[in-house]
Each structure stands twice: as C-alpha cells, then as structure tokens.
Amino acid sequence: MGDSSKSVHINIAFLNLDATDAIKQYATDKVTHCVRKFAHQDTEAHMVLKVEKSRQIAELSMHLSGADFIVKEESEDLYASIDMLTDSLTQQLRKHKEKVTSHH
C-alpha cells in the first residue's frame, strides 16, 4: 500500500491553552494515522483544541470522499479528548466507507 503518498494536512487552533509541540505532535500523529487508513487522496483537516473551565475539548472537521465529518469530544484530559476524537472519527469514516462501498 502506498500510504505515504497521501498527505494529511492538519491545521490546529488552540483556544485558552498553550500550543505545545507535544500536544500538536500527538494530535497530528493520531489524526493522520486515523485518516490515512481511509483517505484515497490528499486530505486537509481543521482541529480546534480548547479549554472551557475544567473541560478539555477537541474538535475536528474535514471533508473526505464527498462527505463532511465533524467530530467533537471532551473530557478532563486533552490527550484523552484527542483519543476519543480519533475513535469517533474512525467510526464515522468506517461507516461512510461501508455506505459508499455497499452502493457499488
């Protein structure tokens, strides 16, 4: 599989928290890994990581294979929110892929 040929570009915005390289790298790696399994072309995703009181929120929106995907997860830990977000995104992408393939 030529996975490396597909580029996944993720724009990350930070609200009410410091943009650390560690969290940026973590979010980028997780989402890139998730999206690469389903994307057949270069993909761009927009991610917002924010803190509201004690809630650590991760949001992601992207357009892939003619569909829009919007995922939002929150927890008390930003890394956990990112993990939950990639799990939800994987489920959405898998469901979309099954829907698309069942029509052919």
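Up top is the structure.
Keep in mind it's a predicted model, so treat the numbers as computed, not measured.

Asks: Please give an account of helix 2 (residues 78-102) that cites residues and values.
Replies: Every α-helix winds through 3.6 residues per turn, so residues three or four apart in the chain are directed the same way. Between its terminal C-alpha atoms helix 2 stretches 36 Å, which fits the 36 Å expected from 25 residues at 1.5 Å a residue. Where helix 2 is concerned, the buried positions are Leu78, Ser81, Ile82, Leu85, Thr86, Ser88, Leu89, Thr90, Leu93 and His96. Buried-residue contacts for helix 2 involve helix 1 (21-36), strand 2 (43-52), strand 3 (55-64) and strand 4 (67-75).

Asks: Before we move on, can you summarise the environment of Leu49 with the specific residues and values?
Replies: Looking at where Leu49 falls in the secondary structure, it is placed in strand 2. Residue Leu49 is classed as buried on the basis of its relative accessible area of 0%. Sequence separation between Leu49 and Leu60 is eleven residues; the distance between their C-alpha atoms is 8.8 Å. Setting aside residues up to four positions removed in sequence, Leu49 forms contacts with Ile12, Ala13, Phe14, Leu15, Leu17, Ile23, Ala27, Ile57, Ala58, Leu78 and Ile82.

Reading the values: rules and limits
Residues numbered from 1 in each chain as written. Predicted model: local features only at pLDDT ≥ 70, side-chain atom pairs only at ≥ 80, totals over all residues. Heavy atoms only, no water. Helix = DSSP H or I, 4+ residues; strand = E, 2+ residues; numbered from the N terminus. Expected span 1.5 Å × (residues − 1). Buried < 20%, exposed > 50% of the residue type's maximum accessible area, 1.4 Å probe, protein only. Contact = heavy atoms within 4.5 Å.

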